[in-house]
Amino acid sequence: EVNRAPRLSPIANQVVAPGASLALVLEGTDPDIPANRLSWTFTPSLPQGATFDSPTRTLRGDVPTPAQARTYSIRAVLQDDGTPSLSDLSIKEPS
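Let us look at the structure shown here. Treat the numbers as computed from the prediction; the structure is a model and nothing was measured. (Residues numbered from 1 in each chain as written. Predicted model: local features only at pLDDT ≥ 70, side-chain atom pairs only at ≥ 80, totals over all residues. Heavy atoms only, no water.)

**Description of the packing of aromatic side chains**
To keep things clear, this is the line we draw: Aromatic rings from Phe, Tyr and Trp, taking only the six-membered ring of Trp, are treated as a pair when their centres fall within 6.5 Å; an angle between ring planes under 30 degrees marks them as stacked, one over 60 as edge-to-face, and anything in between as tilted. Secondary structure elements are taken from DSSP: a helix is a run of H or I of four residues or more, a strand is a run of E of two residues or more, and numbering for both begins at the N terminus.
Counted by the stated rule, this structure contains two aromatic pairs. With a centroid separation of 5.0 Å and 65° between ring planes, the pair formed by phenylalanine 42 and phenylalanine 52 is classed as edge-to-face. Note that phenylalanine 42 is positioned in strand β4 (residues 38-43) and phenylalanine 52 in strand β5 (residues 51-53), a separation of ten residues in sequence.

Okay, here's the thing in structure tokens:
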């Protein structure tokens, strides 16, 4: 069988107001049968205070104060453990 790249569902731009929190569930699938094990990485690293929970695929982050508010550009990479290992990514540039 030829390993096929996983598919990462599109991620819309997110806006989080100061004092608010983000909880975003990322979606991805592997078209191979049986499906390969999938893992997530982010480049650059997630901003301070942001976390990713792999089992629930949830990206969380807080913007505690207006002084900490800024625009981040984060690349989510979904990778399988097939041979060769393949990935799909989503890039969101600041608007």
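Alright, that's what it looks like, and here's the rest.
**Quick word on the side chain of aspartate 32**
Inclusion rule: A simple rule labels every residue: compare its accessible area, found with a 1.4 Å probe on the protein chains alone, to the largest value its type can have, and call it buried under 20%, exposed over 50%, or partly exposed in between. Contacts described as polar in this section are N or O atom pairs within 3.5 Å, which, within protein, must combine one atom able to donate a hydrogen with one able to accept it, while residues neighboring in sequence count only if both atoms come from side chains. We call two residues contacting when some pair of their heavy atoms lies within 4.5 Å.
Checked against the element boundaries, aspartate 32 lands in the loop between β3 (28-29) and β4. With relative accessibility at 4%, the residue aspartate 32 sits in the buried group. A polar side-chain atom of aspartate 32 sits 2.9 Å from a polar atom in the side chain of asparagine 36. Leaving out residues up to four positions away in the same chain, aspartate 32 has contacts with Glu1, Val2, Asn3, Arg4 and Asp80.

**Comments concerning the pattern of salt bridges**
Here is the rule we go by: Salt bridges are defined by distance alone: a side-chain nitrogen of Lys or Arg within 4 Å of a carboxyl oxygen of Asp or Glu.
Going through the model one piece at a time under the given rule, you end up with three salt bridges. Across the salt bridge formed by glutamate 27 and arginine 57, the nearest N and O atoms sit 3.2 Å from each other. Residue glutamate 27 is located in the loop between β2 (21-25) and β3, and its partner arginine 57 is located in the loop between β5 and β6 (58-62); the two are separated by 30 residues in the primary sequence. The partly exposed category is assigned to glutamate 27, whose relative accessible area is 39%. Of the residues examined, arginine 57 reaches a relative accessible area of 27% and is grouped as partly exposed.

**Things to note about the side chain of asparagine 3**
Mapped onto the fold, asparagine 3 is located in the segment before β1 (7-8). A polar contact is formed between the side chain of asparagine 3 and the side chain of asparagine 36, at a distance of 2.9 Å. Of note is the side chain of asparagine 3, whose polar atom sits 3.2 Å from the side chain of aspartate 80.

**Here we look at the environment of leucine 46**
Tracing the chain through its elements places leucine 46 in the loop between β4 and β5. Taking C-alpha positions, leucine 46 is 9.7 Å from alanine 76, a pair spaced 30 residues apart along the chain. The residues contacting leucine 46, other than those within four sequence positions of it, are Thr51, Phe52, Leu59 and Ile74.

**Considerations on unusual backbone geometry**
A cis amide bond links isoleucine 33 with the next residue in sequence, proline 34, at an omega value of -5°. Tracing the sequence through the fold places proline 34 in the loop between β3 and β4. With an omega dihedral of -10°, the bond running from threonine 43 to proline 44 counts as a cis peptide bond. Within the secondary structure, proline 44 sits in the loop between β4 and β5.

**Topic: the sheet that holds β6**
The pairing of strands in a sheet happens through backbone hydrogen bonds and is either parallel or antiparallel. Convention followed: For two strands to be treated as a pair, DSSP must find no fewer than two bridges joining them. Helix axes are fitted only over the stretch in contact, all axes being lines through C-alpha atoms; the angle between N-to-C directions runs from 0 to 180 degrees.
Strand order in the open sheet formed by three strands is β2-β6-β5, with antiparallel pairing between adjacent strands. The outermost strands of the open sheet, each flanked by one partner alone, are β2 and β5. Sheet twist, expressed as the average angle between the axes of neighbouring strands with direction ignored, equals 15°. Note: β2 against β6, five bridges, orientation antiparallel. Residue pairing in the sheet places valine 25 in a bridge with threonine 58 of β6.

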